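The residues making up each chain are set out below.
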Amino acid sequence: MSLASKSPEPRPGILDIAAYVPGKEHAPGVAKVHKLSSNETPLGASPKAIEAFQAMAFNLERYPDGQARALREAIGAVHGLNPANIMCGNGSDELLGLLCHTYLGPGDEGIITEHGFLVYKIQILAAGATPVTVEEKDARVDVDAILSAVTERTKMVFLANPANPTGTYIPVDEVRRLHAGLPEGVLLVLDAAYAEYVRRNDYAAGLELVSASRNVVMTRTFSKIYGLAGLRIGWMYAPPEVIDAVDRVRGPFNLSAPSIAAGAAAIRDQAFVATAVDHNLTWLARVAEALEAIGLRITPSVTNFVLIHFPDEAGKRAEEADEFLTRRGYILRAVRSYGFPNALRMTIGSAEANEGVIAALTEFMGRK
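In this text the structure is predicted, and so the values were computed from the model without any measurement. The written sequence of each chain sets the order in which its residues are numbered from 1. Per-residue local features of the predicted model are confined to residues with pLDDT of at least 70, and side-chain atom pairs are confined, for both listing and counting, to 80 or more; whole-chain, interface and lining totals are unaffected and use all residues. Hydrogens are left out, water is left out, and the side-chain values use all remaining heavy atoms of the structure.

Participant: Mind laying out helix α10 (residues 270-293), listing which residues take part and the relevant values?
Facilitator: Strands are runs of DSSP state E lasting at least 2 residues, helices are runs of H or I lasting at least 4, and numbering of each runs from the N terminus. Working rule for helices: expected span equals 1.5 Å times residues minus one. Here α10 contains 24 residues, and its C-alpha end-to-end distance of 35 Å stays within 8% of the 34 Å for a straight helix at 1.5 Å per residue. Structurally, α10 contributes buried residues whose contacts are with α1 (47-55), β9 (297-299), β10 (305-309), β13 (343-347) and α12 (351-366). Backbone geometry just after α10 places G295 at a positive phi near 100 degrees. Contact between two residues is taken to exist if any of their heavy atoms lie within 4.5 Å; hydrogens are not considered.

Next up, the structure:
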């Protein structure tokens, strides 16, 4: 065998990972497309964030601040946090991966829930550890099921709250009960990517729990309500020991200078965020009510999307609805890989997009 005939082999287990597939973007042959598959905000980014991004165009030859101080200080100011306990990343995805590579290895287990974000499993496997999936109840996290799955090999528990793609959440008391039941050596990762959208008195993103604990971290993102998905900005609030450990494996310049500037401006523009919240609350209720009125089941959501369940009936299933909508320029997200083979996830979009989907699905459900 010649030296050139054999390629390098990945570490065992890598090729067993199912790669993450983003929501589709295109509808071939359709003049106007409404992309409602990736939970992007219909309002775009704050004008202040855009201005800050553009201003960085004249300094692109310079390396960014490797500690993202301006962004960490802005996050700290808005949320009342010590910037020393904040780490920023190339989207919260990077931070989730860094946590896994820092705290997991072969022989360890990371607990995820039945319909949880697919990236958790990918990163656990990439670290050489074993994902343990626990069932949910009615598309909601079951704290008792998680606690029952904990073993001496458990090193990490992932909790998306609110969850994607269900849009459901568990109250802060349940999060506290989960934490109280975990061994001190288990890291509880609270993924609060959709926290800004939640308007429930019994919800908390996790800031207080992190502040009072040594084994809890919270991750957030600028990709949703802040409209900066294209810049890939995430942040993590964590105890000093976790920040120190993860910082040792983090890339030295993992955020670009334009991202740092735009993120800092975006989070300080809370008036823009309030407008986005109001738009979402109005249309979340309208969309859910309208779709339920035509016979579709909606999982109650506190986020900027709804999970739509279709009848198990020929001609009315999710796959057929997806094709019907795509031909009309409305792109939703199929969620078979999340355990919902007969459902679609719809991002709350512009008024035009929302009304268009309601009209199209009304037509779809009325077909003979």
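Participant: Tell me what's going on with the side chain of T113, and back it up with residues and numbers.
Facilitator: Within the fold, T113 resides in strand β3 (residues 109-113). Burial classes follow relative accessibility: with a 1.4 Å probe on protein chains only, a residue under 20% of its type's maximum area counts as buried, one over 50% as exposed, and anything between as partly exposed. Judged by relative accessible area, which is 10%, T113 ranks as buried. When neighbours within four sequence positions are excluded, T113 is seen to be in contact with T133, V134, E136, V141 and I146.

Participant: Any details on the pattern of salt bridges? Residues and values, ideally.
Facilitator: For this analysis, a salt bridge means a side-chain nitrogen from Lys or Arg found within 4 Å of a carboxyl oxygen belonging to Asp or Glu. Considering all chains together, one arrives at 18 salt bridges under this definition. Put simply, D65 and R69 hold a salt bridge, and the shortest N to O gap is 2.8 Å. Look at D65 and you get partly exposed, because its relative accessible area is 31%. In the salt-bridge network here, residues are joined through shared partners; they are E109, E152 and R153.

Participant: Give a description of the nonpolar core that names residues and reports values.
Facilitator: Counting residues in hydrophobic clusters, the biggest one holds 55 residues, and the most contacted among them are L71, L188, F222 and W235. Among the elements that take part in this core, helix α9 (residues 257-268) stands out by supplying five residues, more than any other. Apart from residues no more than four positions distant in its own chain, L188 is found in contact with V157, L159, L178, H179, L182, L209, N215, V216 and V217. Working definition of a nonpolar core: buried Ala, Val, Leu, Ile, Met, Phe, Trp, Tyr and Cys residues. They are joined through side-chain atoms within 4.5 Å. In this structure, Y120, V189, I243 and V246 belong to the second largest nonpolar core, which totals 32 residues.

Participant: Please provide a residue-by-residue account of the sheet that holds strand β12 (residues 333-334), values included.
Facilitator: Pairing in this open sheet of four strands is antiparallel, and the strands run β9-β10-β13-β12 from one edge to the other. Of all strands in the sheet, those with a lone pairing partner are β9 and β12, marking the two edges. Note that β9 and β10 share three bridges and pair antiparallel. Each bridged residue has a counterpart across the sheet, and for I298 the counterpart in β10 is I308. Docked against the sheet, helix α11 (residues 318-327) engages β12 and β13, running at close to 40 degrees with respect to β13. A pair of strands is considered paired only if DSSP assigns at least 2 bridges between the two. For helices, the fitted line uses only the C-alpha atoms of the stretch in contact; every axis is such a line through C-alpha atoms, and the angle between N-to-C directions lies from 0 to 180 degrees.

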